[in-house]
Amino acid sequence: MNASSDSVTSRRVVLASGNPGKLREFAALFAPLGIELVPQGELGVSEADEPHVTFVENALAKARHASLHTGLPALADDSGLCVAALGGAPGVYSARYAQRHGGEKSDAANNALLVRQLAGHADRRAWYVAVLVYVRSADDPQPLIGEGVWHGEIVEPPDGEHGFGYDPHFYLPDLGATAAALDPVEKNRVSHRARALRQLLDKLAAA
């Protein structure tokens, strides 16, 4: 790793998220790297708008927003669940899927809506997508981007006590368990975010 990427690990980086589940996972993923991640809420940064229809555009908007308001390098992610039978939905609207359909904004409401929409569908293929964006400054012309995809299928009833979001319904055939039933350490090793992180770190090493 050269001097450019060394500087990343020696500085505080603002994490452009207020999601408690994401904060827990990122804390575990970044702990071995020596990077001090500071949640944007602790620095008085409001949530950024996410008006875009792609994960990468929303992640970039969040990273630039956090960096602009703190003067720090920023790390942001945008992630969600895509379901084949629903044409890729919920996609970028995963966190507020039920709310967009007149319900409340909660994991329980999102999961209930997803299950209802898939009733009668034989095709249960689904995949989690995570895009991580790192910017050195708010106007960084060359942000570093990592993307991870985690394939599985939607099952009913839910299973597992860990994770968040759609994890209780997201079944991994190769592991024989839902994402919520995995030990958190195992999930952090194989998840879409872990895969995106490895890709991002490869780019940091080559920067």
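How each quantity is defined
Residues take numbers from 1 onward in each chain, read along the sequence in its written order. At least 70 in pLDDT is required for a residue's local features to be given in this predicted model, at least 80 for side-chain atom pairs to be given and counted, and no such filter applies to totals for whole chains, interfaces and linings, which use all residues. Each side-chain value is worked out from all heavy atoms of the structure, with water and hydrogens disregarded. Only DSSP runs of H or I covering at least 4 residues are called helices, and only runs of E covering at least 2 are called strands; the numbering of each starts at the N terminus. Just to be clear, the radius of gyration here is over C-alpha atoms, and the globule rule we use is 2.2 Å times residues to the power 0.38. Burial status follows relative accessibility: with a 1.4 Å probe on protein chains alone, a residue under 20% of its type maximum counts as buried, one over 50% as exposed, and anything between as partly exposed. Residues count as neighbours in contact if any of their non-hydrogen atoms are within 4.5 Å of one another. UniProt positions are given in the numbering used here, feature names are shortened, and annotations may be inferred rather than shown by experiment. Points on a 1 Å grid, built from protein atoms alone, make a cavity when a 1.4 Å probe fits but cannot get out and make a pocket when they are open with protein on both sides within 12 Å along at least 5 of 7 lines; residues with an atom within 4 Å of a point are the lining residues. Pairs of N or O atoms are called polar contacts if they sit within 3.5 Å, as long as, within protein, a hydrogen donor faces a hydrogen acceptor (for residues adjacent in sequence, only side-chain-to-side-chain pairs).

Caption draft 1: Broad picture of the overall build of the protein. Counting secondary structure elements, the protein contains seven helices and seven strands. Starting at the N terminus and ending at the C terminus, the protein contains elements arranged as α-β-α-β-α-β-α-α-β-β-β-β-α-α. Taking 2.2 N^0.38 as the reference for a compact globule, 207 residues should give roughly 17 Å; the C-alpha atoms of the protein span a radius of gyration of 17 Å, in line with that estimate. Along the first, second and third principal axes, the C-alpha atoms of the protein reach 55 × 35 × 25 Å. Evaluated residue by residue, the protein yields a buried proportion of 45% over its 207 residues. Once local pairs closer than 6 in sequence are excluded, the contacts in the protein between residues at least 24 apart make up 60%.

Caption draft 2: Structural view of the UniProt feature "binding site: Mg(2+)" (unreviewed entry) in the protein. Mapped onto the present numbering, the UniProt feature "binding site: Mg(2+)" (unreviewed entry) falls at Asp49 and Asp78. With the annotated positions falling across 30 residues, the maximum pairwise C-alpha distance of 12.0 Å places them together in a single cluster. Restricting the annotated residues just mentioned to those that line the largest pocket leaves Asp78. With respect to the secondary-structure elements, Asp49 resides in the loop between β2 (36–39) and α3 (55–70). With respect to the helices and strands, Asp78 occurs in strand β3 (residues 74–83). For Asp78, the contacting residues outside a window of four places in its chain are Glu50, Thr54, Phe55, Asn58, Ala59, Lys62, Val92, Val129, Ala130 and Val131. There is a polar contact of 3.5 Å between the side chain of Asp78 and the side chain of Asn58.

Caption draft 3: Up close: the environment of Asn58. Of note, Asn58 is situated in helix α3. On a C-alpha basis, the gap between Asn58 and Ala74 in space is 14 Å, while along the polypeptide they are 16 residues apart. Apart from the residues within four sequence positions on either side, Asn58 is in contact with Glu50, Pro51, His52, Asp78 and Val92. At 3.0 Å, the side chain of Asn58 and the backbone nitrogen of His52 are in polar contact.

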